[in-house]
Structure formats: structure tokens, C-alpha cells
Amino acid sequence: MNYKRSSALFVEAEKVIPGGVNSPVRAFKGVGGTPIFVKEAKGAYLYDEDDNRLIDYINSWGPMILGHAYKPVVDAVVEKAKKGTSFGMPTEIETKIAELAVSMVPNIDKIRFVNSGTEACMSAVRLARGFSGKDKIIKFAGCYHGHSDSFLIQAGSGASTFGTPNSPGVTKGTAKDTLLARYNDIENVTQLIEANKGEVACIIIEPVAGNMGCIPPKEGFLEALRALCDTHNILLIFDEVMTGFRLAKGGAQELLGIDADIVCFGKVIGGGLPVGAFAARDEIMNHLAPLGPVYQAGTLSGNPLAMAAGLAMLNELNKDTEVFSRLAQKTEYLHKGIAKVLNDNNIVHTINRVGSMISVHFDSSEVVDFETSAKGNNDTFKKFFHGMLDEGVYIAPSAFETWFITDALTYEDLDFTITAVDKVTNKETF
Ligand code: PLP
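Thresholds applied
Throughout, a residue's number is its position along its own chain's written sequence, starting from 1. For a predicted model such as this one, the threshold for reporting local features is a pLDDT of at least 70, and the threshold for listing and counting side-chain atom pairs is 80 or more; totals across whole chains, interfaces and linings nevertheless cover every residue. UniProt positions are given in the numbering used here, feature names are shortened, and annotations may be inferred rather than shown by experiment. What counts as a helix is a DSSP run of H or I of at least four residues, what counts as a strand is a run of E of at least two, and both are numbered from the N terminus. The burial label depends on the number of other C-beta atoms within 10 Å of a residue's C-beta. Counts of 20 or more mean buried, 12 or fewer mean exposed, and intermediate counts mean partly exposed, with C-beta atoms placed from the backbone. Residue pairs qualify as contacts under a 7 Å threshold applied to their C-beta atoms, which are placed from the backbone. For the purposes of this description, domain bounds are those given by an automatic or database domain assignment. For this classification, Asp, Glu, Lys and Arg are treated as charged, while Ala, Val, Leu, Ile, Met, Phe, Trp, Tyr, Cys and Pro are nonpolar and the rest, including Gly, are polar. Strand pairing is assigned whenever DSSP identifies at least 2 bridges connecting the two strands. Geometry is summarised by axes, namely lines fitted to C-alpha atoms with helices restricted to the contacting stretch, and by angles between N-to-C directions that run from 0 to 180 degrees.

(A) Spotlight on the UniProt feature "modified residue: N6-(pyridoxal phosphate)lysine" (unreviewed entry) in the protein. According to UniProt, the positions carrying the feature "modified residue: N6-(pyridoxal phosphate)lysine" (unreviewed entry) are Lys267. You can see Lys267 is positioned in the loop between strand S9 (262–265) and strand S10 (276–280). Exposure remark for Lys267: the 27 C-beta atoms within 10 Å place this residue in the buried category. For Lys267, the residues in contact, after removing those within four places along its chain, are Trp61, Gly62, Pro63, Gly117, Val241 and Met242.

So this is what it looks like as C-alpha cells:
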């Protein structure tokens, strides 16, 4: 493939944007080479500035669950834009999407919209602290909850890719209130709570981790976490920025049958526009300004274009009773196909999958937490990434990221992908 124009655009971008990108995960630092510049996208495909067609397994890092330029979403945005793009005043569509979200997700009464997943998680933690009157939070190594200060402690996603899970600029004061636990290790969480008795406001977790590859919770882990929170009067926050409206209508809560106290959303809920949200039962949400003392605000929060995109997306997911099982079936097909090819080619690997999230790790051990995820062979991943790209398949340029399956993918696309995996890994040089 030829990436001449992308490479030239990157040189220009680097002069005026740090690292040439507006979010580090877009850079190819983890895999080498220069990022690809997208011209347009439709359905399951990206078209880059050199007119290459790529099958997309990133899908804007999750939001495009029904494919790119999905007509009902595009139409809704275009129609809204004609009537003004921002007012900073209440609009009916905010109530409409809130009603729909509350009806789709179990156990939430009210939802507040913000502009990103970061804001959603940051605000959820502030609310938990304000509600409980306690300061400390527990997060899990390898989980990513956005780039707010309290979360950049052993964070996953780009923070892990670039070896900066603990970012300079986060003060010691902030860091001391974030306690770090091992994913899928309930003993470890119990010890942390015992050592900080009466001080822990909340536990925040990706109920299915997606930022150290895809890692499912072990059987009983989330149930035990729920029970610990109940015993110690700690709020359980599910960060469903990735899993919300993706794993089921009601997200991981519904799929796994566990109720959190506060739920964070992002990605799918915005249909590809900048949206995040956090939600809980009345008792908790009523602590937010202007009803209560916990302050949270946003000039562009509930922006009409973003709400139109999100509402159109949620409407589609709500009325299509088959969509989540269809997505899971496609992902299972891909999983089986890739596993067969890698086995045939004698490539050591582990594949994790939940619903429409899947990741391939180049190591034979079970991947259950950050430590085991980090064991994956990064050199092999680099070769795999570039090989797949040459075959016209775009996966995330990092071994710590999940592939997101979109409903726009056909079984021909999946077969194409499996064949690409075969071609890439069936080489002496791999
Ligand atoms: N939480 C999770 C689980 C995420 O995966 C992400 C982003 O990837 C975030 C929070 C942050 O969301 P945003 O990038 O919209 O700020």
C-alpha cells in the first residue's frame, strides 16, 4: 500500500500539533511508522488520503457500532444543524435522549450529559465523593477512565502504550487518594479497603476491561465487588464508556446481571459526536447542582447536534432486537477463524472476547489483568499490525487495545480478515 499523502500530511501536522495528533493513541508510536490520515468512511470501511480502502476494527475507538456514516445518524445531525448548533439553553431533545437512555439501562433514574468519557468518569467520582463525604477511590491497574488527574495512575490504553501509566503533572496529593488494585483479584481489593477503613468513597471499574486488551471479569468477581461495596458503604461505579449500549441495551450491567451505583457512558451514546454521560438513581443524582451541592457544568453539554446523533443511534439500537446477538455472533465467528489460522500457523496466542469486543494477545498465558496483558509479545504485535495494514485491515496501533466489531461488517469482510491473518502469520519471518 502507498501512504505517500498520509506521510506528507503527518509532516505538516507535526509542525503545529504535538506529535501530529490530537490524542496520543492515534500516533503509531507503539508500532512504528506514521499514522494514516482518513479522508472518509462508510459502513465497515475507511478510505484514506491515498485512496486505500481499509476494513476498520477501531471504529473511532468504539462509537461507530453500526458502521460509519450511518444514515439515520447523519440525517439527524444534518437536520439539527440547520436549526442552530448550540444555544446553552435547555432543548427538548435532551429530555428525549435522557428518557430513552433511562429506559434502556436498568437501575438508573437520571442521567447528566457531558462532552466526553473523561468528563463522565471525573464527574462521577466527584459525585461519589460529594455523596459519601469520603475522599479515596479505588481503581484497577490497566483500566482507563480518561485523562483526568485521579485516573492517570497505572492507566491503560494510550498511557500504557507509551509507558506513561503515571503521568507527570499529577500531584502527589491527588495520587495519594487513588488506591490501585489488581483486576480480577478480590483479595487485593479487600486488603485495600481494610487498610483504608472508612475512607473509600468509591470503586471505579471497567466491568469488562477494554483498555489492556479485552479482559472479562472472572466469574464471581463483580458480584464479590458489589458485596464488598455494600458491606463497607462504598459506591460502585461502572465505567461503561466502552461497554455501554455495546454489550447489550443495558450494557455490561444487563449482560452480567450486576447493578452499579453510578454508571458512566461515552462513545456509542454520542453516535460519533463528542458525548459522555453519567447516571444513577435519584438519591445520588439529586446531589448534583443545581439540585444539590456537587458542582458540574458544561457550555456545550447537551449540545443539540450531539444529542441528535446520540438519540438517532440509541433509537436504532433500541428498536433492533437482534443487533447485540448479531454483533456477538460476528465476533465469535471472527474469534474462531483467527484462532484456527493462528493454531495452524503455530503462533502462540490468547484471544479474549466479550460480546462485540475482542483482542488478540501474542502470549500463551491467560490474560486476566494488566500484568498478564503486558506479557504479550510486543514485537510480534508490531509485525502483526503492519502486516494486517498491508492487507487492508486496520486494527488499533497498540497491543493494549480492543478491536470493536461493527454491525456493518459482513461475513465476507470477516473472511477477508481471517485470510489476512493467515497471510500475515504464515511466513517464515513472522
Ligand atoms: N473510560 C473508558 C472505559 C474508555 O475506554 C475511555 C476512552 O477510551 C474513557 C473512559 C475516556 O473517554 P474519552 O476519550 O471520551 O474522554
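We are not done yet, so read on.
(B) Just the domain arrangement of the protein, in detail. For the protein, the assigned domains read domain 1 (4–69 + 322–425) and domain 2 (71–319). The C-alpha-based centres of domain 1 and domain 2 are spaced at 25 Å. Counting from both sides, the interface comprises 32 residues of domain 1 and, opposite them, 36 residues of domain 2. Partitioning the side of domain 1 that touches domain 2 into residue classes produces 17 nonpolar, 11 polar and four charged.

(C) Fine view of the sheet that holds strand S4 (residues 110–114). Spatial ordering of the open sheet is given by S4-S10-S9-S8-S7-S5-S6, a layout of seven strands whose pairing is mixed. What marks the edges here is a single partner per strand, and that holds for S4 and strand S6 (178–181). Averaged over all neighbouring strand pairs, the angle between strand axes comes to 20°, with direction disregarded. With five bridges connecting them, S4 and S10 associate as antiparallel partners. Within S10, the position partnered with Arg112 by the bridge is Phe278. This element, helix H4 (residues 117–132), spans S4, strand S5 (136–140), strand S7 (200–205), strand S8 (235–239), S9 and S10 of the sheet and lies at about 165° to S9. On the sheet, helix H7 (residues 186–195) packs against S5, S6 and S7 and is oriented at approximately 155° with respect to S6.

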